[in-house]
Amino acid sequence: MARGILTEPLTRDAFAPFGDVIETSGDPTMIINQGKCGRYHDLAALDMAGANARAGISLFLSEKRTLPYLLEMVERHPLGSQAFLPMTQAAFLVIVCPDDNGKPGHPRAFITEPGQGINLHRNIWHGVLTPLSDPGLFSVVDRIGDGDNLEEFRFEEPYEVVRGS
Ligand SMILES: NC(=O)N[C@@H](O)C(=O)O
Ligand code: NI
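Residues numbered from 1 in each chain as written. Chains lettered and ligands numbered in written order. Predicted model: local features only at pLDDT ≥ 70, side-chain atom pairs only at ≥ 80, totals over all residues. Heavy atoms only, no water.

Draft legend 1. Broad picture of the coordination of the nickel ion (ligand 2). Around the nickel ion (ligand 2), the donor atoms from the protein are Glu75 (OE), His77 (NE2), Gln82 (OE1) and His126 (NE2), and they sit 2.1 to 2.2 Å away. Considering all six donor atoms around the nickel ion (ligand 2), the spread of angles at the metal, 72 to 172°, places the coordination shape in the octahedral class. Of note, the donors binding the nickel ion (ligand 2) are all from one chain and are spaced E-x1-H-x4-Q-x43-H. On the accessibility criterion, Glu75 (9% relative accessible area) is buried. When its relative accessible area of 10% is taken as the criterion, His77 is described as buried. (Donors = N, O, S within 2.8 Å, 3.2 Å for Na, K, Ca; no water. Tetrahedral: all angles 85-135°; square planar, octahedral: opposite > 155°, others 65-115°. Buried < 20%, exposed > 50% of the residue type's maximum accessible area, 1.4 Å probe, protein only.)

Draft legend 2. Quick look at the site of ligand 1. Contacts to ligand 1 come from Phe60, Glu75, His77, Gln82, Phe84, His126, Val128 and Leu129. Between ligand 1 and the protein, one listed contact pairs an oxygen atom with a side-chain N or O atom of His77 at 2.8 Å. Gln82 is positioned such that a nitrogen or oxygen atom in its side chain is 3.0 Å from an oxygen atom of ligand 1. Its residues assigned to classes, the shell around ligand 1 comprises four nonpolar, three polar and one charged. (Near = heavy atom within 4 Å. Polar contact = N/O pair within 3.5 Å; in protein donor to acceptor, adjacent residues only side chain to side chain. Nonpolar A, V, L, I, M, F, W, Y, C, P; charged D, E, K, R; others polar.)

Draft legend 3. Region of the structure containing empty space enclosed by the protein. This model, assessed by the stated rule, comprises one cavity of 30 Å³ or more. Of the volumes computed, that of the largest cavity is approximately 60 Å³. Lining the largest cavity are 13 residues; nearest its centre among them are Phe84, Leu93, Val94, Ile118 and Gly127. For the lining of the largest cavity, the secondary structure elements donating two or more residues are strand E8 (92-97) and strand E12 (117-120). With five residues, the single largest contributor to the lining of the largest cavity is E8. For the lining of the largest cavity, the per-class residue count stands at ten nonpolar, three polar and no charged. (1 Å grid on protein atoms, 1.4 Å probe; cavity = no way out; pocket = protein on both sides within 12 Å on 5 of 7 lines; lining within 4 Å. Points joined across faces, edges and corners; volume = space filled by probe spheres on them. Helix = DSSP H or I, 4+ residues; strand = E, 2+ residues; numbered from the N terminus.)

Here it is, written out as structure tokens:
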């Protein structure tokens, strides 16, 4: 019997220990382009560490998943942050875990509002990209460079992520 995780809404404060929420909330930081564009400025802490590190932009086209979702493993990137920016106005599932002496602690599952993106801080345990609708098209800003930037952890007993309030 898998252990249950209830999803919760993604908010800046709730996600703060794990990363940044990228969204157009409130007034723009500045108005640009002859007054025709609001710039929501510098919303995420990008972190690219290690040899020959640089930021890269990739596109992910991922199969959608459905809830209840069986969480069998999480991963982390010790050398860099990873941002997921949906190319559609669709919610997606974000799973993160605190670190517990080098292993993932109890997972938390967030469902984004349409249009929200996230930036995972470096070395944060997370589930892989999990769209909830097709097309699961995302732009991804993460670290390109030398060295091993992927650590995976498979749970002995999976979790079952179910829709919360
Ligand atoms: N492996 C890869 O590029 N993607 C994962 O890091 C992920 O978090 O989806
Ligand atoms: Ni990742």
